[in-house]
Protein chains: 2
Amino acid sequence: MALIAPDKENQIPDIVIGRLPVYLRALAYMHQQGKRTTSSSELGRRLGISSAQIRKDLSHFGEFGKQGTGYHVQHLVKELRLILKLDKIWPVAVIGAGFLGHALASYNGFEERGFQIRWIFDTDPTQIGKVINDIPIQSMNELEKTIELETIKIALLAVPAIHAQSVTDRLVDAGVEGILNYAPINLVVPDHVNVGYSDPVVQLQHMTYYINPNEKF
Amino acid sequence: MALIAPDKENQIPDIVIGRLPVYLRALAYMHQQGKRTTSSSELGRRLGISSAQIRKDLSHFGEFGKQGTGYHVQHLVKELRLILKLDKIWPVAVIGAGFLGHALASYNGFEERGFQIRWIFDTDPTQIGKVINDIPIQSMNELEKTIELETIKIALLAVPAIHAQSVTDRLVDAGVEGILNYAPINLVVPDHVNVGYSDPVVQLQHMTYYINPNEKF
DNA sequence: TGTTACCTGTGAAATATTTCACCATTCTAA
DNA sequence: TTAGAATGGTGAAATATTTCACAGGTAACA
Ligand SMILES: NC(=O)c1ccc[n+]([C@@H]2O[C@H](COP(=O)([O-])OP(=O)(O)OC[C@H]3O[C@@H](n4cnc5c(N)ncnc54)[C@H](O)[C@@H]3O)[C@@H](O)[C@H]2O)c1
Ligand SMILES: NC(=O)c1ccc[n+]([C@@H]2O[C@H](COP(=O)([O-])OP(=O)(O)OC[C@H]3O[C@@H](n4cnc5c(N)ncnc54)[C@H](O)[C@@H]3O)[C@@H](O)[C@H]2O)c1
């Protein structure tokens, strides 16, 4: 009798998961434009990736298309939302009510895509109690209590870099499992916590490698 | 005499280029903390990647370390800045002076990392002429003229999604070669133009795949 | 009805990326 | 001076990811 590895890694590659929200965004846009069906080649053209990749990616989750016809846009949107667990709205907390925290809390683009900002925390006493987009800024003293009571799983971290790690530790200890970090610093977190980074400078520095600053093009 | 491929692809992988700014950020932080030297294993531990990958990545550009000792932080910072063409400050334009455009224009974290926001454009007549962080908001009528005159190569795009593509076309035609797009839409650009995307929802949707919304963890 | 143009899903092949494993070098301290 | 621990650079091996290419299936229409 052969010995079988107990939990042979059979997971879907993370890089595939990372493309699904991009597909979803493009499909939702098509749907909004009134488009009924599309094909892997049309979608690929719009996104700048190959049609084979799109088909292969989707094939990890099932068969969503029809030969000769392509994909029914609305149906694929629905399937992708299910795969990404977007069938319920995720409540989200913003930490840091500075310029960026204000912009995030004022942004209306979250809700229709699966997220709602419901809490804002800050340490600054002059900020606490103010209201942004109907959400009152709360004291950081309330942080752990609120996260546990409301089962907050996702936070947007918009505090100065120097405080980002210590706030992260508090979030993780209280039960947060997904953090989108806007501070220009790498966070150290346990394995079960997902961290995303949003540092415009990192992206710009990636581009400058390819750009000649003088050349009139 | 053998026939040699005229321009045998010998480029450094883009995925390697993309990690350099992350290394740079961590190293600059170490330097600021007064750290003189580091090693690939220490850096890897902080960034959550393997030491071998860091060494291999850097080896594409030269030999920057010393066996037994590691890397001199300040020296490696300098080398990475050169590789990424950050020895001069890149002037940057912001398009769209809404909530996000304001946050970006007010942000002081660009300059020490190689960028300076020097122009802000908007269509809204009630915004034009206002000043953010010493930068007057200009009319979009000035866009092409200014880009060409000042040789602007990089723009941050913070306009509503519906206008993002048409503004992009204008930027590209005028000579911009790097665009960091905050609108939740994919842009179509010619090959020589670099586009980065910053859509928090895409990143959150990536995370939710891995998170159980109820589980008290 | 036959023909043609399109399309998906997928195993296999081709590429790309990461990791391994080791030599040479450097530093520390006995 | 020597032994031992730490470290970088790097070919080769191991993995991961993308692309190819084709067997069906669908639709439109002459
Ligand atoms: N403004 C931007 O466009 C922008 C762009 C990229 C990155 N960032 C980064 O995002 C973060 C916030 O930027 P900002 O421009 O809003 O800065 P900001 O200084 O305007 O706001 C920071 C806020 O965090 C609060 N804060 C400080 N310590 C805290 C703590 N321990 N717990 C909770 N709140 C705390 C402060 O009271 C303040 O309200 C920074 O790390 C910055 O580098 C900002
Ligand atoms: N606010 C956020 O935190 C946030 C987060 C993620 C993404 N975004 C995205 O960033 C973009 C801007 O967001 P915002 O919250 O600042 O929106 P906003 O409505 O506050 O600002 C948009 C600004 O763009 C200007 N504008 C409109 N059409 C223009 C054109 N053709 N040329 C130049 N300017 C034009 C408007 O006058 C307005 O000032 C949107 O695409 C939004 O989806 C915003």
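Summary of the structure given here. (Residues numbered from 1 in each chain as written. Chains lettered and ligands numbered in written order. Predicted model: local features only at pLDDT ≥ 70, side-chain atom pairs only at ≥ 80, totals over all residues. Heavy atoms only, no water.)

**A word on the overall build of chain A**
Alright, step 1. Within chain A, the secondary structure is distributed over eight helices and 10 strands.
Alright, step 2. If you line up chain A on its principal axes, its C-alpha atoms span 70 × 60 × 35 Å.
Alright, step 3. Within chain A, buried positions represent 46% of all 217 residues.
Alright, step 4. At a minimum sequence separation of 6, the contacts of chain A that also span at least 24 residues come to 55%.
Alright, step 5. Carbon and sulfur atoms form 52% of the exposed surface of chain A, whose accessible area is close to 11400 Å².
Alright, step 6. Mean positive and mean negative side-chain charge positions of chain A (21 and 23 charges, respectively) differ by 12 Å. (Helix = DSSP H or I, 4+ residues; strand = E, 2+ residues; numbered from the N terminus. Buried < 20%, exposed > 50% of the residue type's maximum accessible area, 1.4 Å probe, protein only. Contact = heavy atoms within 4.5 Å. Areas by Shrake-Rupley, 256 points an atom, 1.4 Å probe, with all protein chains shown as cover. Lys, Arg positive; Asp, Glu negative; His and termini not counted. Charge placed at Lys NZ, Arg CZ, Asp CG, Glu CD.)

**Some details on the site of ligand 2**
Alright, step 1. Among the 22 residues in the neighbourhood of ligand 2, the closest are listed as Tyr 107 of chain A together with Phe 99, Leu 100, Asp 122 and Val 159 of chain B.
Alright, step 2. The residues that come close to ligand 2 belong to more than one chain, namely chains A and B.
Alright, step 3. When ligand 2 is considered free in solution it has 830 Å² of accessible area, and contact with the protein chains removes 83% of it.
Alright, step 4. Those elements that place two or more of their residues in the shell around ligand 2 are α5 (99-106) of chain A together with α5 (99-106) and α7 (161-174) of chain B.
Alright, step 5. Looking at which element gives the most residues to the shell around ligand 2, the answer is α7 of chain B, with three residues.
Alright, step 6. For the shell around ligand 2, the class distribution of residues is 16 nonpolar, four polar and two charged. (Near = heavy atom within 4 Å. Nonpolar A, V, L, I, M, F, W, Y, C, P; charged D, E, K, R; others polar.)

**A few points about the sheet that holds strand β3 (residues 70-72) of chain A**
Residues and elements named next belong to chain A.
Alright, step 1. Strand order across the open sheet formed by three strands is β1-β3-β2, with antiparallel pairing between neighbours. Two strands bound the open sheet, and with one partner strand each, they are β1 (37-38) and β2 (65-66).
Alright, step 2. Examined bridge by bridge, β1 and β3 share two bridges and lie antiparallel to one another. Its bridge partner lying in β3, Thr 38 is registered against Tyr 71. (Pairing = 2+ DSSP bridges.)

**With respect to the relation of the copies chain B and chain A**
Alright, step 1. Note on the copies: chain B fits chain A at an RMSD of 0.0 Å, the axial shift is 0.0 Å, and the rotation between them is 180°. Taken together, the rotation and translation relating the two chain copies correspond to the operation of a two-fold axis.
Alright, step 2. Most of the interface of chain B is mirrored in chain A: 100% of its interface residues are interface residues there too. (Least-squares fit on C-alpha atoms with pLDDT ≥ 70 in both.)

**Considering the protein's contact with DNA strand D**
Alright, step 1. Neighbouring DNA strand D are 25 residues, the closest being Gln 67 and Gly 68 of chain A together with Ser 40, Arg 55 and Tyr 71 of chain B.
Alright, step 2. Counted by atom, the contact set of DNA strand D within 4 Å of the protein is 60% sugar and phosphate.
Alright, step 3. One of the side-chain N or O atoms of Thr 69 of chain A is found 3.5 Å from a sugar or linking oxygen in DNA strand D.
Alright, step 4. Looking at the surface near DNA strand D, the elements that each hand over two or more residues are α1 (14-32) and α3 (51-59) of chain A together with α3 (51-59), β2 (65-66) and β3 (70-72) of chain B. (Polar contact = N/O pair within 3.5 Å; in protein donor to acceptor, adjacent residues only side chain to side chain.)

**Here's the deal with the packing of α1 of chain A against helix α4 (residues 73-83) of chain A**
Residue and element names in this part refer to chain A.
Alright, step 1. At their nearest, the axes of α1 and α4 sit 9 Å apart, and the two run at 145° to each other. Seen from above, α1 lies across α4 with left-handed handedness. Between α1 and α4, the contacting residues are Leu 20, Tyr 23, Leu 24, Leu 27, Ala 28, Met 30 and His 31 on the first element and Val 73, Gln 74, Leu 76, Val 77, Leu 80, Arg 81 and Ile 83 on the second.
Alright, step 2. Class assignment of the residues belonging to the contact of α1 with α4 gives a composition of 11 nonpolar, two polar and one charged. (Axes fitted to C-alpha atoms, helices over the stretch in contact; angles between N-to-C directions. Left-handed = near helix turned anticlockwise from the far one by under 90°.)

**Considerations on the packing of aromatic side chains**
Alright, step 1. With the rule as written, the count across this model stands at four aromatic pairs over all chains.
Alright, step 2. Judged by centre distance (5.2 Å) and plane angle (80°), the rings of Tyr 107 of chain A and Phe 110 of chain A are edge-to-face. (Phe/Tyr/Trp six-rings, centres within 6.5 Å; stacked < 30°, edge-to-face > 60°.)

**Details of the pairing of strand β4 (residues 90-95) of chain A**
Here is the key point about a regular strand: its side chains alternate between the two faces of the sheet.
All names here are of chain A.
Alright, step 1. Of all six residues that make up β4, five are buried, and the element is covered over most of its length.
Alright, step 2. Note that β4 and strand β5 (residues 115-122) share six bridges and pair parallel. Looking at β5, one finds that Val 94 is bridged to Ile 120.
Alright, step 3. Each parallel crossover has a hand, and for β4 linked through α5 to β5 it is right-handed.
Alright, step 4. Across four bridges, the pairing between β4 and strand β8 (residues 154-157) is parallel. The residue bridging Val 94 from the neighbouring strand is Leu 156, located in β8. (Right-handed = clockwise from strand over helix to strand, strands pointing away.)

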